[in-house]
Amino acid sequence: MAKLVIAIILDLVDFTVGRIPGAEIFVDAGLGVAAIGLFGWPGLFAFWELADPTGQIDGFVPTLTMIAISQMGKNKNKRPREE
């Protein structure tokens, strides 16, 4: 749950600071590195945001939040069941 909250906060940063011309590439690269740190290999999907040279479109897609939600479902299956 903590990773989801962190992902939401980072997506909000991308939506605000990531839309500043000239800063969007650095924000997107930093978010990609943060996604790998939080989620491992699935975090590589966050680097798709570097494909948008304007930085305007990817700010509306909560990539880190979507990765966090997808990982929450996988981790739920790995927990030991209580009988």
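Nothing here was measured: the structure is a model prediction, and the numbers come from that model.

Cut-offs and rules
Per chain, residues are indexed from 1 in the order of the written sequence. At least 70 in pLDDT is required for a residue's local features to be given in this predicted model, at least 80 for side-chain atom pairs to be given and counted, and no such filter applies to totals for whole chains, interfaces and linings, which use all residues. To obtain the side-chain values, all non-hydrogen atoms of the structure were used and water was disregarded. Secondary structure elements follow DSSP: runs of H or I no shorter than four residues count as helices, runs of E no shorter than two count as strands, and numbering proceeds from the N terminus. For the exposure calls, accessible area comes from a 1.4 Å probe over protein chains only, and a residue counts as buried if that area is under 20% of its type's maximum, exposed if over 50%, partly exposed in between. For the charge count, each Lys or Arg is scored as positive and each Asp or Glu as negative, with His and the chain ends excluded. Throughout this description, the term salt bridge denotes a Lys or Arg side-chain nitrogen within 4 Å of a carboxyl oxygen of Asp or Glu. Contacts: residue pairs with any heavy atoms within 4.5 Å of one another. We call Phe, Tyr and Trp rings a pair once their centres come within 6.5 Å, taking the six-membered ring for Trp, and we label the pair stacked below 30 degrees between planes, edge-to-face above 60, and tilted otherwise. Each nonpolar core is a collection of buried residues, namely Ala, Val, Leu, Ile, Met, Phe, Trp, Tyr and Cys, held together in the definition by side-chain atoms within 4.5 Å.

Caption draft 1: Here's a closer look at the side chain of D28. Structurally, the position occupied by D28 is in helix α2 (residues 24–39). Buried within the structure, D28 lacks any salt-bridge partner; R19 is the closest side chain of opposite charge, at an N-O distance of 10 Å.

Caption draft 2: Layout of the environment of A68. Within the element layout of this structure, A68 appears in helix α3 (residues 63–78). C-alpha of A68 to C-alpha of A7: the two residues are 61 residues apart in sequence and 6.7 Å apart in space. Those residues in contact with A68 that sit more than four places away from it in its chain are K3, L4, A7 and F39.

Caption draft 3: Region of interest: the packing of aromatic side chains. Tallied over the entire structure, the rule returns one aromatic pair. Between F15 and F60, the aromatic rings sit 5.3 Å apart at their centres with planes inclined by 75°, giving edge-to-face as the arrangement. With F15 in helix α1 (residues 2–16) and F60 in the loop between α2 and α3, the pair connects residues that are 45 residues apart, well separated along the chain. Overall, F15 belongs to the partly exposed group, its relative accessible area being 34%. Residue F60 is classed as exposed on the basis of its relative accessible area of 53%.

Caption draft 4: A look at the nonpolar core. In this structure, L4, A7, V27, L31, A35, L38, F39, A46, L64, I67 and A68 together form the largest nonpolar core, which totals 11 residues. Taken together, the elements giving at least two residues each to this core come down to α1, α2 and α3. With five residues, the top contributor of residues to this core is α2. When sequence neighbours within four positions are dropped, the list of residues in contact with V27 reads D14, V17 and G18.

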